[in-house]
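Architecture and fold: a report
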Amino acid sequence: MTGAEEFWIPLVDEPIGSIVEQLQADDPAIAKLVDSPRKLLAFRTFAYIRVGMLLGELLVENDLSDSDGKETWVEELLREPSHRAAVAAEVRKVAEEIAQSEDETMPVGPDDGTRERFREFARRQLG
């Protein structure tokens with residue numbers, strides 16, 4: 001990794017992270033929609049949350065077979081083509097929403113006034 005990607009810290013462990021990553025790799029249009037480090041971070045954050053919520057809904061709504069321990073409940077759900085398509089559509093929807101709403105001109109961190117207030121606070125606390 002180079003540049004801003006070096007600062008990426010995965011927000012979740014398996015399996016949601018790998019599901020989003022695979023669906024992102026399968027849909028080249030997503031890369032065009034989330035074409036900056038800020039958009040990519042927002043995309044991954046919200047995609048992980050929304051995929052997790054969708055998988056939870058699918059788990060509640062569907063009876064799963066008795067597991068023999070060879071696959072997780074997520075893998076079992078995603079074997080169903082309609083479930084996989086629903087998850088892929090949700091990931092794509094997140095990317096489209098991020099592409100439409102992300103304002104690249106907004107500052108990433110705190111403004112100068114906030115930084116100065118923090119420095120003053122720190123001086124008082126540590127001084």
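Higher on the page you've got the structure.
Conventions we followed
- Residues numbered from 1 in each chain as written.
- Predicted model: local features only at pLDDT ≥ 70, side-chain atom pairs only at ≥ 80, totals over all residues.
- Heavy atoms only, no water.
- Helix = DSSP H or I, 4+ residues; strand = E, 2+ residues; numbered from the N terminus.
- Buried < 20%, exposed > 50% of the residue type's maximum accessible area, 1.4 Å probe, protein only.
- Contact = heavy atoms within 4.5 Å.
- Areas by Shrake-Rupley, 256 points an atom, 1.4 Å probe, with all protein chains shown as cover.
- Salt bridge = Lys/Arg side-chain N within 4 Å of Asp/Glu carboxyl O.
- Axes fitted to C-alpha atoms, helices over the stretch in contact; angles between N-to-C directions.
- Left-handed = near helix turned anticlockwise from the far one by under 90°.
- Nonpolar A, V, L, I, M, F, W, Y, C, P; charged D, E, K, R; others polar.
- Patch = residues over 30% accessible without salt bridge, like charges linked within 9 Å, V, L, I, M, F, W, Y side chains within 5 Å.

Once that is clear, we can look at the overall build of the chain. Per the secondary structure count, the chain includes six helices and zero strands. Secondary structure elements of the chain, listed N to C terminal, follow the sequence α-α-α-α-α-α. Here the chain holds 127 residues, and the buried ones make up 26% of them. In the chain, 71% of the contacts between residues at least 6 apart in sequence involve partners at least 24 apart. As displayed, the chain offers around 9000 Å² of accessible surface, 55% of which is attributable to carbon and sulfur atoms.

The next thing to look at is the pattern of salt bridges. What the rule picks out here adds up to eleven salt bridges. A salt bridge links Arg92 to Asp27; the nearest nitrogen and oxygen atoms lie 3.0 Å apart. You can see Arg92 sitting in helix 5 (residues 81-101) and its partner Asp27 sitting in the loop between helix 1 (16-26) and helix 2 (28-33), a full 65 residues away along the chain. Judged by relative accessible area, Arg92 falls into the partly exposed class, the value being 28%. For Arg119, the salt bridge identified is with Glu116, shortest N-O distance 3.7 Å. Pair noted here: Arg119 and Glu116 are both in helix 6 (residues 112-126), with a separation of three residues, about one helical turn. Glu116 sits in the partly exposed class, given a relative accessible area of 38%. Residues joined in a network through salt bridges with shared partners are Glu116, Arg119, Glu120 and Arg123.

A word on the side chain of Gln24. Looking at the element boundaries, Gln24 is found in helix 1. Those residues within four positions of Gln24 in sequence are excluded, and the remaining contacts are Ile30, Val34, Leu40, Phe43 and Arg44.

With that settled, consider the packing of helix 1 against helix 3 (residues 37-61). Taken N-terminus to C-terminus, the directions of helix 1 and helix 3 make an angle of 115°; their axes are 9 Å apart at the nearest point. When you trace helix 1 past helix 3, the crossing you get is right-handed. Within the contact between the two elements, helix 1 uses Ile16, Gly17, Ile19, Val20 and Gln24 and helix 3 uses Leu40, Phe43, Arg44, Ala47, Tyr48, Val51, Gly52 and Leu55. Here the residues of the contact of helix 1 with helix 3 are counted per class, giving nine nonpolar, three polar and one charged.

Further remarks concern a nonpolar patch on the surface. Side chains of Phe46, Ile49 and Met53 sit close together on the surface and give an oily, nonpolar patch of about 310 Å² of accessible area. Note on placement: Phe46 falls in helix 3. Overall, Phe46 belongs to the partly exposed group, its relative accessible area being 43%.

Keep in mind these numbers describe shape, not what the thing actually does.
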